[in-house]
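An overview of the molecular structure
Each chain is listed here by its residues.
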Amino acid sequence: DAGVIQSPRHEVTEMGQEVTLRCKPISGHNSLFWYRQTMMRGLELLIYFNNNVPIDDSGMPEDRFSAKMPNASFSTLKIQPSEPRDSAVYFCASSRPRGQIYEQYFGPGTRLTVT
Amino acid sequence: ELKVEQNPLFLSMQEGKNYTIYCNYSTTSDRLYWYRQDPGKSLESLFVLLSNGAVKQEGRLMASLDTKARLSTLHITAAVHDLSATYFCAVQNTGNQFYFGTGTSLTVIP
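Residues numbered from 1 in each chain as written. Chains lettered and ligands numbered in written order. Predicted model: local features only at pLDDT ≥ 70, side-chain atom pairs only at ≥ 80, totals over all residues. Heavy atoms only, no water.

1. Focus on the overall build of chain A
Tallying secondary structure elements over chain A gives zero helices and 11 strands in all. Starting at the N terminus and walking to the C terminus, you meet the elements of chain A as β-β-β-β-β-β-β-β-β-β-β. Here the C-alpha radius of gyration of chain A, 14 Å, is about what a compact globule of 115 residues would show, namely 13 Å. Across its three principal axes, chain A shows a C-alpha extent of roughly 45 × 30 × 25 Å. Across the 115 residues in chain A, those meeting the buried criterion constitute 46%. Partitioning the intrachain contacts of chain A with sequence separation of at least 6 by distance along the chain shows that 53% fall at a separation of at least 24. When the accessible area of chain A is evaluated, it comes to approximately 5,800 Å², of which 49% is carbon and sulfur surface. One way to put it: in chain A the 12 positive side-chain charges average out to a point 6 Å from where the 12 negative ones average out. (Helix = DSSP H or I, 4+ residues; strand = E, 2+ residues; numbered from the N terminus. Rg over C-alpha atoms; globule rule 2.2 N^0.38 Å. Buried < 20%, exposed > 50% of the residue type's maximum accessible area, 1.4 Å probe, protein only. Contact = heavy atoms within 4.5 Å. Areas by Shrake-Rupley, 256 points an atom, 1.4 Å probe, with all protein chains shown as cover. Lys, Arg positive; Asp, Glu negative; His and termini not counted. Charge placed at Lys NZ, Arg CZ, Asp CG, Glu CD.)

Given below as C-alpha cells:
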C-alpha cells in the first residue's frame, strides 16, 4: 500500500491567494483527519471525517478554512484567502477500526508558506 | 476537553543512558498511542496500548500504560543517536478522535 498521499509537498503563495491541499487516504480506511503543526501551537486537529461525513470541525480556525471529502479516496483542505499566520505543515491522516484500535497513519505533510 | 501533557518537553541525554518520558491525560481512557517524528518528517506509529497495565517493547523503547493514574511512560534504555526525534503520545476518546501531547524533543549526544 502506498500509504497516505498528500499534495503538494511544498506550497509557497502570497497573502490573499487561495490554497488547496489534497489528500488520498489509505484504501479501506473510513476516517480521515486534517492536522496543522507549528512550533508555537504544536499539532492541532482541524477537522475529521468518518465515512466521508464531517464529524468535528471545531478545530477549523475560521471561515477562511474549508474541507471536503467528496468520496472515500479524496479530501481537500482549502484556505481562502490565505494569510501569513497560516504558514505551517498540514498533515492528513487516515484510520480504520481494528477492534478497539483506531491507529492513525499520517501522510508526509504539506509545508505551506504564505508570504 | 481531554488534555494531554507530556514532560519533559526537551530532553538531552548521553548515549548509553536511560530515561523516561511521561504522558499524563485528564479523563478516563484506555487507549493510548505513541508516535515518533523525525525532523522534517511525518509521524510514525510506535506503540498501541489498550488496557491498564499494558506494556509494549521494541528495541530500546518500552511503553506502559496505567489507566488508573492516567499515565503512560516511554522508557529509553541505553540511548543511541538514532533515537533522536520528537515523541508524541496521543489519547483516544470514546470515539476515534485523538488528543496529542505537546511532544518531547529528544536529542541523544555521543
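2. A few points about the state of the cysteines
Applying the stated criterion across every chain, the model contains two disulfides over all chains. Across the disulfide, Cys23(A) is cross-linked to Cys92(A) (sulfur-sulfur distance 1.9 Å). Here Cys23(A) and Cys92(A) share a disulfide; its torsion about the S-S bond, -65 degrees, makes the bridge left-handed. Of this pair, Cys23(A) sits in strand 3 (residues 19-24) while Cys92(A) sits in strand 9 (residues 88-95), and the two are 69 residues apart along the sequence. With relative accessibility at 0%, the residue Cys92(A) sits in the buried group. Between the sulfur of Cys23(B) and that of Cys89(B) lies a disulfide, 2.0 Å long from S to S. Here Cys23(B) and Cys89(B) share a disulfide; its torsion about the S-S bond, 80 degrees, makes the bridge right-handed. Of this pair, Cys23(B) sits in strand 3 (residues 19-25) while Cys89(B) is found in strand 9 (residues 85-92), placing the two residues 66 residues apart along the sequence. (Disulfide = S-S within 2.5 Å.)

3. A short note on the nonpolar core
Grouped together as the largest cluster of nonpolar side chains are 26 residues, with contacts concentrated most on Val4(B), Leu32(B), Trp34(B), Leu74(B), Ile76(B), Tyr87(B) and Leu106(B). Taken together, the elements giving at least two residues each to this core come down to strand 2 (10-14), strand 3, strand 4 (32-37), strand 5 (43-49), strand 7 (61-66), strand 8 (71-76), strand 9 and strand 11 (104-109) of chain B. When residues in this core are grouped by element, the largest group, four residues, is from strand 9 of chain B. Excluding its chain neighbours within four sequence positions, the residues that come into contact with Val4(B) are Cys23(B), Asn24(B), Tyr25(B), Cys89(B), Val91(B), Tyr99(B), Phe100(B), Gly101(B) and Thr102(B). Core analysis: the next-biggest nonpolar cluster, separate from the first, contains 21 residues, Cys23(A), Ile26(A), Ile79(A) and Cys92(A) among them. (Core = buried A, V, L, I, M, F, W, Y, C linked by side-chain atoms within 4.5 Å.)

4. As for the sheet that holds strand 6 (residues 55-58) of chain B
Residue and element names in this part refer to chain B. Strand order in the open sheet made by the five strands is 1-3-8-7-6, with antiparallel pairing throughout. Two strands bound the open sheet, and with one partner strand each, they are strand 1 (4-7) and strand 6. Going across the sheet, the axis of each strand differs from the next one's by a mean of 15 degrees, ignoring polarity. For strand 1 and strand 3, the ladder comprises four bridges, and the chain directions are antiparallel. Its bridge partner lying in strand 3, Glu5 is registered against Asn24. (Pairing = 2+ DSSP bridges. Axes fitted to C-alpha atoms, helices over the stretch in contact; angles between N-to-C directions.)

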